[in-house]
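Architecture at a glance
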Amino acid sequence: MSYLPSIALAVAGLILLFVLLIKLRRVLRVLTHTMSMVATNTRKRTGLLRARSAALRVAIAQRRGLEDR
């Protein structure tokens, strides 16, 4: 019966590992969701910045065209 404490300790370790893996999965799910939201927000802001810079280039080109006349 001297092996009984070793088996009990191994079972307790496996249960602890299982609980930690479940918690890690939850944390990774939240992290993935957050990363997705940040990527979407960054793409939106980048698109707006590109549109604004394009509009600025058009306005500058129009102004230069008016000054040449």
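Residues numbered from 1 in each chain as written. Predicted model: local features only at pLDDT ≥ 70, side-chain atom pairs only at ≥ 80, totals over all residues. Heavy atoms only, no water.

It is worth spelling out the overall build of the chain at this point. Across its full length, the chain holds one helix and zero strands. Computed over the C-alpha atoms, the radius of gyration of the chain is 30 Å, more than 25% above the 11 Å expected from 2.2 N^0.38 for a compact globule of 69 residues. Overall, the C-alpha framework of the chain stretches about 105 × 15 × 5 Å when taken along its three principal axes. Going through the 69 residues of the chain one by one, you find that 0% of them count as buried. Carbon and sulfur atoms provide 68% of the accessible area of the chain, an area that totals close to 6,800 Å². (Helix = DSSP H or I, 4+ residues; strand = E, 2+ residues; numbered from the N terminus. Rg over C-alpha atoms; globule rule 2.2 N^0.38 Å. Buried < 20%, exposed > 50% of the residue type's maximum accessible area, 1.4 Å probe, protein only. Areas by Shrake-Rupley, 256 points an atom, 1.4 Å probe, with all protein chains shown as cover.)

With that out of the way, let us pick up the UniProt feature "transmembrane region" (unreviewed entry) in the chain. UniProt marks residues 6-24 with the feature "transmembrane region" (unreviewed entry), using the numbering shown here. The annotated region residues 6-24 carries 100% helix and 0% strand content, and the separation between its end C-alpha atoms amounts to 27 Å. (UniProt positions renumbered as here; feature names shortened; annotations may be inferred.)

A few words on the environment of Leu9. Within the secondary structure layout, Leu9 lies in helix H1 (residues 4-68). When its relative accessible area of 64% is taken as the criterion, Leu9 is described as exposed. Considered as a pair, Leu9 and Thr40 are 31 residues apart in the sequence and their alpha carbons are 46 Å apart.

Below, the discussion takes up a nonpolar patch on the surface. Together, Met1, Tyr3, Leu4, Ile7, Val11, Ile15, Phe18, Val19 and Ile22 give the surface a local cluster of nonpolar side chains, amounting to about 930 Å² of exposed area. Tracing the sequence through the fold places Tyr3 in the segment before H1. Tyr3 sits in the exposed class, given a relative accessible area of 52%. (Patch = residues over 30% accessible without salt bridge, like charges linked within 9 Å, V, L, I, M, F, W, Y side chains within 5 Å. Salt bridge = Lys/Arg side-chain N within 4 Å of Asp/Glu carboxyl O.)

A cluster of like positive charges, contributed by Lys23, Arg25, Arg26 and Arg29, occupies part of the molecular surface. Among the structural elements, Arg25 can be located in helix H1. Since its relative accessible area comes to 58%, Arg25 is described here as exposed. (Lys, Arg positive; Asp, Glu negative; His and termini not counted. Charge placed at Lys NZ, Arg CZ, Asp CG, Glu CD.)

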